[in-house]
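Fold and geometry: a report
Chain residues, written in single-letter form:
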Amino acid sequence: MSDMPTLEARRARARFRAWHRGTREADFMIGGFFDRYAQEWDEAEMDWFEDLLAEDDVDIMAWGLQTAPVPAKFQGEMIAKFQKLDYVEVQR
């Protein structure tokens, strides 16, 4: 029996962390991205997202809004999807 959490357990933990960032803006951006794409992620993509969650919200949001350069370790298809922002629902 392994002590490693299952992908589903990791998703559950990541979902909570994505939606409890401290500001509504970060919650909508990071949590919305998670809700839109997480069910299709494999282990490597989940690793990427968990690494992203360890970063400061201000940096994550700047990368998403393309107002700051994305560090090499986050560049690729996942950040490109994140930068589309098509998963953020505007609430009025």
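Residue numbers run consecutively from 1 along every chain, following the written order of its sequence. The predicted nature of this model means local features are confined to residues of pLDDT at least 70 and side-chain atom pairs, given and counted, to a pLDDT of 80 or more, with totals for whole chains, interfaces and linings taken over all residues. Only heavy atoms go into the side-chain values, all of them from the structure, while hydrogens and water stay out.

Overview of the packing of aromatic side chains
- Any Phe, Tyr or Trp ring, taking Trp's six-membered ring, that has another such ring centre within 6.5 Å forms a pair; planes under 30 degrees apart are called stacked, those over 60 apart edge-to-face, and the others tilted. Per the stated rule, a full pass over the model turns up 13 aromatic pairs.
- Judged by centre distance (5.8 Å) and plane angle (80°), the ring pair of Phe-34 and Trp-41 falls under edge-to-face. Neither Phe-34 nor Trp-41 differs from the other in exposure class; each is buried.
- Aromatic rings pair up to connect Phe-33, Phe-34, Tyr-37, Trp-41, Trp-48, Phe-49, Trp-63, Phe-74, Phe-82 and Tyr-87 into one cluster. When a residue's accessible area, from a 1.4 Å probe over protein chains only, is under 20% of the maximum for its type it is buried; when over 50% it is exposed; and in between it is partly exposed.

Observations concerning the nonpolar core
- Counting 25 residues, the largest nonpolar core has Ile-30, Phe-33, Trp-41, Trp-48, Phe-49 and Phe-82 as the members making the most contacts within it.
- Secondary structure elements are defined from DSSP: runs of H or I of at least 4 residues count as helices, runs of E of at least 2 residues count as strands, and each element is numbered from the N terminus. Only α1 (7-19), α2 (24-37), α3 (43-53), α4 (57-65) and α5 (77-84) provide two or more residues apiece to this core.
- Counting residues per element, this core draws most heavily on α2, at six residues.
- Working rule for contacts: check all heavy atoms of both residues, and any pair within 4.5 Å makes them a contact. Apart from the residues within four sequence positions on either side, Trp-48 is in contact with Phe-33, Lys-73, Phe-74, Met-78 and Ile-79. Definition used in this section: a nonpolar core is a set of buried Ala, Val, Leu, Ile, Met, Phe, Trp, Tyr and Cys residues joined via side-chain atoms within 4.5 Å.

A word on the pattern of salt bridges
- Salt bridge, as used here, is a side-chain nitrogen of Lys or Arg placed within 4 Å of a carboxyl oxygen of Asp or Glu. All told, the structure shown has 10 salt bridges when counted by the stated rule.
- Two residues, Arg-21 and Asp-57, come together in a salt bridge whose shortest N-O distance is 2.6 Å. Highlighted residues: Arg-21 in the loop between α1 and α2 and Asp-57 in helix α4, separated in sequence by 36 residues.
- In this structure Arg-21 comes out as buried when scored by relative accessible area, which is 18%.
- Between Lys-73 and Glu-55 there is a salt bridge; the shortest N-O distance is 3.5 Å. Placement of the pair is Lys-73 in the loop between α4 and α5 and Glu-55 in the loop between α3 and α4, with a sequence separation of 18 residues.
- The partly exposed category is assigned to Glu-55, whose relative accessible area is 22%.
- Among the charged side chains, a salt-bridge network with shared partners connects Arg-10, Glu-43, Asp-47 and Glu-50.

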